[in-house]
Number of protein chains: 2
Amino acid sequence: MADETADRPPARRPGGRSARVREQILAATAELVARDGIAGFRYEEVAEFAGVHKTSVYRNWPDREELVVEALLRYAEDLASIADTGDIHRDLVDFLLALARGLETPFGRALEQAVQPARQRSTVQAVTRILDQRVAALRRRVDTAVERGELPPVDGSFLGEMISGPAHLIVNRGMRSFTRTDAERIVAVVLAGIRATAPHA
Amino acid sequence: MADETADRPPARRPGGRSARVREQILAATAELVARDGIAGFRYEEVAEFAGVHKTSVYRNWPDREELVVEALLRYAEDLASIADTGDIHRDLVDFLLALARGLETPFGRALEQAVQPARQRSTVQAVTRILDQRVAALRRRVDTAVERGELPPVDGSFLGEMISGPAHLIVNRGMRSFTRTDAERIVAVVLAGIRATAPHA
């Protein structure tokens, strides 16, 4: 470590190299999962795609499940994020548009297909964790809106299903592309419906 | 035909037998599509399952596409039907429950999976026709409700996506079973939202 002084670029440090290797492995895994599905990818191929030795993959992720989970979580951040601009309508519209764009990628399609026929496989837990993460992010945002009086008390998971259900249907059917107009009118109907059906305090 | 007199049971007539053969072929096709998917089934297997000669299948349906379409349409009637009791809320709730039950069958799962990865295959048209049929039935029911003044003017396809999207999501994720409570609150929020967001006439 003595030769690792400040005049070397930080990216050349051993820690940096190891981080880059992990990064390459996660990117390769995500790409292979998108191509072959969760059950289909192999460590040999991950190593080849990542340009690293197979032992690097095994050393960093002895557990296949953990590798899948980490790769998926890493590349599904777009699907899980939701902003807080103070306007719940606007934030839900942006969330829906990001969701639809995410579902339209090869990775999103792989995720969708992985959930359905694989319900009995243990690797489906990875996908479930991503979906849970997304639901949790949305629920927190909805809770904030409720606290601020923007919305009546509402079950955030239910609200999430109400707005993302139609988006999943439209994108997965591939009947038409999902537009901002779709997002706007879905959110408008759901928020108005939740306000109109709230029990009067 | 001279021996086919009124004292024979009608089911024994040649027309009846031929109708039964067609019926058996359609049932076998639907079962095989549910098991192997739209692209996977073979005429040989259909004949074997139906207990008829392979030439009967070819003679009745020279076109594979037509066989699939007819078998699917025949067994997807539950998914497409919607009652008119005069109460749009109640009819939509029943429609949603029937939809969810349909999606939960092996046949429903095959239909769902057929739509997704098969978008480029021509056989996907069969599934699309079923879905179109369902959308058309729902749209007619919604139009009637609009004419009666139960609902403000609304795009029936949009309303269909709004109520069936969450049902598809809940059933296909398999996170929980879809209940009457789910159906009731989805329909309540969507109808209230559509009424609240309608432009004032």
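A quick note: this is a predicted structure, and the numbers were derived from the prediction, not measured.

Student: I tried to follow the overall build of chain A on my own but got confused; where do I start?
Tutor: When you go through chain A residue by residue, the secondary structure sums to 10 helices and zero strands. Moving toward the C terminus, one meets the helices and strands of chain A in the order α-α-α-α-α-α-α-α-α-α. Sequence separation of at least 24 residues holds for 63% of the intrachain contacts in chain A that already meet a minimum separation of 6. Per element, the accessible surface of chain A, about 10000 Å² overall, is 52% carbon and sulfur.

Student: Explanation requested: the environment of Ala83 of chain B in the structure shown.
Tutor: Residue and element names in this part refer to chain B. Along the chain, the position of Ala83 falls in the loop between helix H5 (77-80) and helix H6 (88-104). According to the relative accessible area criterion, Ala83 is partly exposed, its value standing at 46%. The sequence separation of Ala83 and Phe178 amounts to 95 residues, and the corresponding C-alpha distance is 20 Å. Excluding anything up to four places from it in sequence, Ala83 contacts Asp91 and Arg141.

Student: Mind showing me how you'd approach the nonpolar core here?
Tutor: Soluble, globular proteins show a tendency: their nonpolar side chains are buried together. Core analysis: the largest hydrophobic core is formed by 60 residues, its most contacted members being Leu92, Leu96, Leu159 and Phe178 of chain A together with Leu96, Leu159 and Phe178 of chain B. Looking at this core, the elements that each hand over two or more residues are helix H6 (88-104), helix H8 (124-147), helix H9 (156-173) and helix H10 (180-197) of chain A together with H6, helix H8 (124-147), helix H9 (156-173) and helix H10 (180-197) of chain B. Not counting chain neighbours up to four residues away, the residues in contact with Leu159 of chain A comprise Leu92, Val142, Leu151, Val154, Val190, Leu191 and Ile194 of chain A. Grouped together as the second largest cluster of nonpolar side chains are 22 residues, Ala28, Val46, Trp61 and Val68 of chain A included.

Student: I tried to follow the pattern of salt bridges on my own but got confused; where do I start?
Tutor: Here the idea is simple: oppositely charged side chains can pair when their charged atoms come close. All names here are of chain A. Applying the stated criterion to the full structure yields 14 salt bridges over all chains. Across the pair Asp84 and Arg141 runs a salt bridge whose closest N-O atoms are separated by 3.3 Å. With a gap of 57 residues between them, Asp84 in the loop between helix H5 (77-80) and H6 and Arg141 in helix H8 connect regions that are remote in the sequence. Connected through salt bridges with shared partners, the residues Asp84, Asp91, Arg141 and Arg148 form a single ionic network.

Student: Even after reading the chapter, I still don't get the confidence of the model for chain A, so can you show me in this structure?
Tutor: Should pLDDT be low for a region, the predicted coordinates there are not to be read in detail. Residue and element names in this part refer to chain A. Averaged over chain A, the pLDDT score is 80; the fraction of residues at 70 or greater is 77%. Per-element mean pLDDT across chain A ranges from 64 in H5 up to 96 in H10. Here residues 1-13 scores under 50 on pLDDT; set against residues more than four positions off or in separate chains, the count is eight contacts. This complex was scored by the predictor with a pTM of 0.72 and an ipTM of 0.70.

Cut-offs applied
Each chain has its residues counted from 1, following the order in which its sequence is written. Here the convention is simple: chains get letters from A, ligands get numbers from 1, in the order in which they are written. It should be noted that, the model being predicted, local features are given only for residues of pLDDT at least 70 and side-chain atom pairs only at 80 or more, the latter also being counted only at that level, while totals for whole chains, interfaces and linings use all residues. Hydrogens and waters are ignored; side-chain quantities use all the structure's heavy atoms. Helix numbers and strand numbers start at the N terminus; a helix is a DSSP run of H or I with at least 4 residues, a strand a run of E with at least 2. Contacts are residue-level and defined by heavy atoms, with any inter-residue pair within 4.5 Å sufficient. Areas reported here follow the Shrake-Rupley algorithm with a probe of radius 1.4 Å; residue values treat only the protein chains shown as occluding. Type-normalised accessible area, obtained with a 1.4 Å probe on protein chains alone, sets the label of each residue: buried when under 20%, exposed when over 50%, and partly exposed for intermediate values. Side-chain atoms within 4.5 Å link the members of a nonpolar core, which is a set of buried Ala, Val, Leu, Ile, Met, Phe, Trp, Tyr and Cys residues. The salt bridge criterion pairs a side-chain nitrogen of Lys or Arg with a carboxyl oxygen of Asp or Glu, the two atoms within 4 Å. The quantity known as pLDDT measures the predictor's confidence residue by residue, on a range of 0 to 100.

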